[in-house]
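What follows is the residue order along each chain.
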Amino acid sequence: MTLLTPPPPPIDQAEDEEMLVPHADFVPEGPQPMEVAPVEATNAVDAPAVEETPSGRFTWAIPDFSKLNLKKQYSEVFNVGGYKWRVLIFPKGNNVDHLSMYLDVADSTTLPYNWSRYAQFSLSIVNQIHSKFTVRKDTQHQFNSRESDWGFTSFMPLSELYDPGRGYLVNDTCIVEADVAVRRVVDYWSHDSKKETGFVGLKNQGATCYMNSLLQTLYHIPYFRKAVYHMPTTEIDNPSASIPLALQSLFYKLQYCDTSVATKELTKSFGWDTYDSFMQHDVQELNRVLCEKLEDKMKGTVVEGTIQKLFEGHHMNYLECINVDYKSARKESYYDLQLDVKGCKDIYASFDKYVEVERLEGDNKYHAEQYGLQDARKGVLFIDFPPVLQLQLKRFEYDFVRDTMVKINDRYEFPLELDLDRENGKYLSPDADRSVRNLYTLHSVLVHSGGVHGGHYYAYIRPTLSDKWFKFDDERVTKEDMKRALEEQYGGEEELPQTNPGFNNSPFKFTKYSNAYMLVYIRESDKEKIICNVDEKDIAEHLRIRLKKEQEEKELKKKEKAEAHLYTIIKVARDADLVEQIGKEIYFDLVDHDKVRNFRIQKQLSFNTFKEEVAKEFGIPVQLQRFWLWAKRQNHTYRPNRPLTPQEEAQSVGQLREVSNKANNAELKLFLEVAFGVDLRPIPPPEKIKEDILLFFKLYDPLKEELRYVGRLFVKGNSKPMENFEKLNEMAGFAPDEEIELFEEIKYDPHVMCERIDMKLSFRDSQLEDGDIICIQKSSQGQSSEECRYPTVPAFLDYVHNRQMVRFRSLEKAKEDEFSLELSKQNNYDEVVQSVARHLGLEDPSKIRLTPHNCYSQQPKPQPIKYRGAERLTDMLVHYNQISDILYYEVLDIPLPELQGLKTLKIAFHHATKDEVVIHTIRLPKQSTVGDVISDLKTKVELSHPDAELRLLEVFYHKIYKIFPLHEKIENINDQYWTLRAEEIPEEEKNLGALGRLIHVYHFMKDPAQNQVVQNFGDPFFLAIHEGETLEEVKIRIQKKLRVSDEEFSKWKFAFLSLGRPEYLQDSDIVSSRFQKRDVYGAWEQYLGLEHSDNTPKRSYAANQNRHAYEKPVRIYN
């Protein structure tokens, strides 16, 4: 292992489409947002830094790589910038089928509390055959005690890494490189935004920074803010259900609060749940949806049309024929403009491209009415621009070659002043009003930092269009200079200076993943109107009153929190609370103390002063009050334990709290005992002697399945229950001679313990004491199970303790609850599926397959529950330390036990003569062979002739990797990542002879942006070639096989490719001479390449994604 400083320039690599996450011992399924916490200290290259940037490269050669047995492996420690680092890898993946790799702070466990360090770094797996295929990914991170490692869970597919022909493992040695540049950053923890800047930030709900940056931008357009304030709302509106009121409330707080503002009310008004707040969306999409909603809500009000006045412009789509007199034009409106970044150096280049004239000619002629197909010109020109011009920069594009979305991090410049009248109004249509001066000044720059699957958003804004810029980064607002707001957000590459002369002084470059994503310009001639004054008179009175009251309540809570050490909270439970709660909100124990009346009393006040407060509140004279202390018992129940003594009542509240509360928190829990006379007026409580026991009684009705509180009673310890029957029957409302049973409620955690009381034993002999609970019911003798499900108190309490409402969802509609069932946590697997089958009207419960819920991603787990694979319902619902109430179900076409004994394969059958591909699902016993699969497939497909032979191929990324032998067992065949293709074996391949051979033929194209890297596409195939056959002869057969037109085929080029390097062939070249080596490992890396453009229809972005990983659109529901 070596440590070199500084490193050579980074190797070109493909756009990183990988999520950056701290490593964990488990990886939640589904999307993983980069924004793990809203208090990320800093991000991207925007971290304020000192000039010195220590950097270095660490190289780690790992021998016997394929034999590593440990789940994770650390490198040696290396030092960069005075800090200790190491690389952490998961050779077999961190619960994924990719190599996982992270940069780790080596001494994190010994560092002081609150440590942090910031680094830009790249991690690479070196290709030891061709360095240009080295896989490199770079990022940046603020390391701290919560996130002491950071990197890539899916760094590269294991199939590529372990493939010996790829060059990543040579002699079973893997070479890892880490380039690290350390930066010093400013500590923001003690930053007071209001004090430093006059503005406050917005709190992040989990992944709502994209929304925060947009809201700050809209807020700082005063005309927009004023219009929001003037939207009609009333005092009875609920902010959580009214978008106008929620937005008014948010803007008011941004204007008048001293600390950062929460957005939960607003997102609730959108109809979002917590999951929506943890899903990162697109700023552009949210901007459009929000503006459309506000436009709709403003209709019929004094501010109707505000959105259009501010943001709406118009352009003209025109088309004119060149050789005939035919023209057409269509006027369209827009609220924002999407500008190309790729291939454009600045905004003006993007506008040039926007209005570029497209010629329709050749195969693409325009069909004009009356004139037929004609050569034509089409394009776009602007009729007018809006006062507030929103420019969305197309940083994210679909890459057709790679069949995925990528982020464009290219350098793209934008000016402080934007002149859209340039070059004699080249962007304007003939109908445009030339008297309007379209000169704009930059108001805000919204920035995205990160990759295509996640990242962080923040905004640079100059609220008054002065020279003062501010950065709004969630809760933090900081003053910034113009260079940081403009030039540093252009994107491109950043070159770090070298600090160690004498070494290789090649520049150390990092791609800047932080760059402008949305720009807001305000027209110079409209800025006085738009940057207007907004004060309290613009805010409705009811809104001012409501928000001032909220603010006062907030201040009061803050004051109470600051003074909490001076007070004790006394929670007083009474009989009325027990009547109110037992059988409705609670069933076990006596009361929920959080729902009883509480008193905030100064500690130095006497307890008797507190009793006077109680007298005022409840109307019980001081001398008629008796208070009991509660005690937590060893079995975790909480019961009144003993009455306060006169000596204790003479103490101060603070002293009494110390006596009663060993946990030393600021609460005192009491039970207020009040006795009532025959006229139901309070009387002095009876004197309690040692022999007296205070018992609490609940009544259970098995027919109604009801439990309620019926009162308390002092009994003599040496008396027997049977001696108190008359009194107990009176409490229960029964006849004096009714036969009853008594049960003592002992505990409920983890299991219910409720035991029958022996009527012949004394209360003392039954070990009853003050605060115990007795449940009464009529005698259960003679009651049948048909009459009542739970005939006794223990049976009912056990049912209540274990009952669980479960929401069931169809696996195909994983976001929608379909039905709910009340089950028992103790239900076994069979009982659960029987309940589901009964609800669905399905006769065979074994056809139900259940899948558990992931509480973190709010999606189904990837693996369903096997037949009887979970003992109890609780096992199905648990996810790490959380309990879910959701299960997903499928109705199978065969019983699950039978399905589990089968192997299911999806096979794409390519017809020999028709241009069609049909997907077939084959189910066979796991011990079956490929030959069995082919036999089964023959019964389902249309063959070109009855005796046709089939073969099964493994296709991956448009290359054929394997022809499956007929004897191979299917149990270990994986069709999740590779495509299984079945096809007829052509007759010409069966009779190759000694001099003929079978070669791979693949379609390819070269990506100019990727250093001429070859990209394969389309369906690969085999071709039989013969000794001495020229390319010209081979081409004839290829054209016939692929059924390509002469015109199209004439554009194709042909090349011999070995390990991705094309060697172009002439028609006279002997093809077989290029394929002489028969001992090359990985025949798929030597092939005849057909170079042409890819004209096949493209799949949607999510077409080849994991079944649970999908993009979710922004929706505002209300």
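This write-up is about the structure you can find in this document. Being a predicted model, the structure only gives us computed values, none of them experimental. (Residues numbered from 1 in each chain as written. Predicted model: local features only at pLDDT ≥ 70, side-chain atom pairs only at ≥ 80, totals over all residues. Heavy atoms only, no water.)

## What to know about helix α19 (residues 725-732)
Next up, step 1: Considered for burial, the residues of α19 that qualify are Leu 728, Asn 729, Met 731 and Ala 732. End-on, the buried residues of α19 take up no more than an arc of 155°, which puts them together on one face. α19 presents Glu 726 and Glu 730 as exposed residues on the side facing more than 90 degrees away from its buried surface.
Next up, step 2: Where the residues of α19 are buried, they touch β37 (692-701), β38 (706-716), β39 (740-747) and β41 (773-778). (Buried < 20%, exposed > 50% of the residue type's maximum accessible area, 1.4 Å probe, protein only. Helix = DSSP H or I, 4+ residues; strand = E, 2+ residues; numbered from the N terminus. Arc of directions from axis to C-beta. Contact = heavy atoms within 4.5 Å.)

## Overview of the environment of Leu 218
Next up, step 1: With respect to the helices and strands, the residue Leu 218 is situated in helix α3 (residues 209-219).
Next up, step 2: Distance from Leu 218 to Val 520, taken between C-alpha atoms, is 9.7 Å for residues 302 residues apart in sequence.

## Thoughts on the packing of aromatic side chains
Next up, step 1: Within the structure shown, the criterion is met by 47 aromatic pairs.
Next up, step 2: With centroids separated by 5.6 Å and ring planes inclined at 50°, the aromatic side chains of Phe 610 and Phe 627 adopt a geometry described as tilted. Of this pair, Phe 610 sits in helix α16 (residues 607-618) while Phe 627 sits in strand β32 (residues 626-632), and the two are 17 residues apart along the sequence.
Next up, step 3: For Phe 627, a relative accessible area of 0% corresponds to the buried category.
Next up, step 4: A centroid spacing of 6.2 Å and a plane angle of 65° characterise the contact between Phe 956 and Tyr 961, whose relative ring orientation is edge-to-face.
Next up, step 5: Judged by relative accessible area, Phe 956 falls into the buried class, the value being 12%.
Next up, step 6: Within the aromatic cluster, the residues linked to one another by ring pairs are Tyr 334, Phe 351, Tyr 354, Phe 382, Phe 385 and Tyr 427.
Next up, step 7: Sitting over the face of the ring of Tyr 348, Arg 422 holds its NZ or CZ atom 4.2 Å from the ring centroid.
Next up, step 8: Across the ring face of Tyr 1064, the terminal group of Lys 1053 is positioned such that the distance to the ring centre comes to 5.9 Å. (Phe/Tyr/Trp six-rings, centres within 6.5 Å; stacked < 30°, edge-to-face > 60°. Lys NZ or Arg CZ within 6 Å of the ring centre and 35° of its normal.)

## What about the pattern of salt bridges?
Next up, step 1: In the structure shown here, the tally under the stated rule is 70 salt bridges.
Next up, step 2: In this structure, the salt-bridge partner of Asp 340 is Lys 353, at a minimum N-O distance of 3.5 Å. Highlighted residues: Asp 340 in strand β14 (residues 337-340) and Lys 353 in helix α10 (residues 347-354), separated in sequence by 13 residues.
Next up, step 3: Where Glu 983 meets Arg 981, a salt bridge forms, and the shortest distance between an N and an O atom there is 3.0 Å. Here Glu 983 and Arg 981 have matching classes, each one buried. (Salt bridge = Lys/Arg side-chain N within 4 Å of Asp/Glu carboxyl O.)

## Quick word on the pairing of β39
Next up, step 1: Of all eight residues in β39, seven are buried, a share of seventy percent or more.
Next up, step 2: The pairing of β39 with β41 spans six bridges and is antiparallel. Within β41, the residue paired with Glu 745 across the bridge is Ile 773.
Next up, step 3: Two strands pair when backbone bridges link them, and β39 and strand β40 (residues 753-756) are joined in this way by four bridges, in the antiparallel orientation. Among the inter-strand pairings, Glu 745 is bridged to a residue of β40, identified as Cys 754.
Next up, step 4: Between β39 and β40, which pair antiparallel one after the other, the connecting turn spans five residues. (Pairing = 2+ DSSP bridges.)

## Considering the nonpolar core
Next up, step 1: Core analysis: the largest hydrophobic core is formed by 54 residues, its most contacted members being Phe 224, Phe 251 and Phe 311.
Next up, step 2: No other element matches helix α5 (residues 243-256), which puts eight residues into this core.
Next up, step 3: Sequence-distant contacts of Phe 311, that is, excluding residues within four places in its chain, are made with Leu 218, Ile 221, Phe 224, Cys 291, Tyr 334, Tyr 335, Pro 386, Val 388 and Gln 390. (Core = buried A, V, L, I, M, F, W, Y, C linked by side-chain atoms within 4.5 Å.)

## A closer look at the pairing of strand β42 (residues 803-810)
Next up, step 1: Judged from the six bridges that link them, β42 and strand β43 (residues 819-824) form a sheet pairing that is antiparallel. Among the inter-strand pairings, Arg 807 is bridged to a residue of β43, identified as Ser 820.
Next up, step 2: Judged from the four bridges that link them, β42 and strand β48 (residues 886-891) form a sheet pairing that is parallel. The residue of β48 that forms the bridge with Arg 809 is Tyr 888.

## Points about α16
Residue pairs three or four apart in sequence face the same way in an α-helix, which turns once every 3.6 residues.
Next up, step 1: When the terminal C-alpha atoms of α16 are compared, their 16 Å separation across 12 residues agrees well with the 16 Å that a helix rising 1.5 Å per residue should span.
Next up, step 2: When α16 is considered as a whole, its buried residues turn out to be Phe 607, Phe 610, Lys 611, Val 614 and Phe 618. One side of α16 carries all its buried residues, which in axial view fall inside an arc of 105°.
Next up, step 3: At the C-terminal side of α16, Gly 619 shows a positive phi close to 75°. (Expected span 1.5 Å × (residues − 1).)

## A word on the packing of α3 against α5
Next up, step 1: The contact between α3 and α5 brings their axes to 11 Å, and the two run at 75°. By the angle between their axes, α3 is roughly perpendicular relative to α5. Taken together, the residues of α5 that come into contact with α3 (itself represented by Leu 215, Gln 216, Leu 218 and Tyr 219) are Leu 247, Leu 250, Phe 251, Leu 254 and Gln 255.
Next up, step 2: Among the residues making up the contact of α3 with α5, the classes are represented as seven nonpolar, two polar and no charged. (Axes fitted to C-alpha atoms, helices over the stretch in contact; angles between N-to-C directions. Parallel < 35°, antiparallel > 145°, perpendicular 65-115°, else oblique. Nonpolar A, V, L, I, M, F, W, Y, C, P; charged D, E, K, R; others polar.)

## Focus: unusual backbone geometry
Next up, step 1: Following Asp 749, the chain continues into Pro 750 via a peptide bond in cis, with omega recorded as 0°.
Next up, step 2: Not every positive phi belongs to a glycine, and Gln 370 is a case in point at roughly 70°.
Next up, step 3: Residue placement: Gln 370 occurs in the loop between β16 (366-368) and β17 (372-374).
Next up, step 4: By relative accessible area, Gln 370 is classed as exposed at 79%.
Next up, step 5: Phi is positive for Arg 1043, which is not a glycine, with a value near 55°.

## Examining the sheet that holds β37
Next up, step 1: Across the sheet, five strands lie side by side as β38-β37-β41-β39-β40; this open sheet has mixed pairing. Each end of this open sheet is capped by a strand with a single partner; those strands are β38 and β40. For this sheet, the mean inter-axis angle between neighbouring strands, taken without regard to orientation, is 30°.
Next up, step 2: Those strands touched by α19 are β37, β38, β39 and β41, and its axis lies near 150° from that of β38.

## Focus: the sheet that holds β32
Next up, step 1: Pairing is mixed in the open sheet, where five strands are placed in the order β31-β30-β34-β32-β33. The open sheet has two edge strands, β31 (597-602) and β33 (638-643), and neither has a second partner. Direction aside, the axes of adjacent strands within the sheet are offset by 40° on average.
Next up, step 2: Pairing of β32 with strand β34 (residues 667-673) involves four bridges; the strand directions are antiparallel. Bridge pairing in β34 links Trp 628 to Phe 671.
Next up, step 3: Here α16 sits on the sheet and contacts β30 (567-573), β31, β32 and β34; the angle it forms with β31, its principal contact strand, is near 145°.

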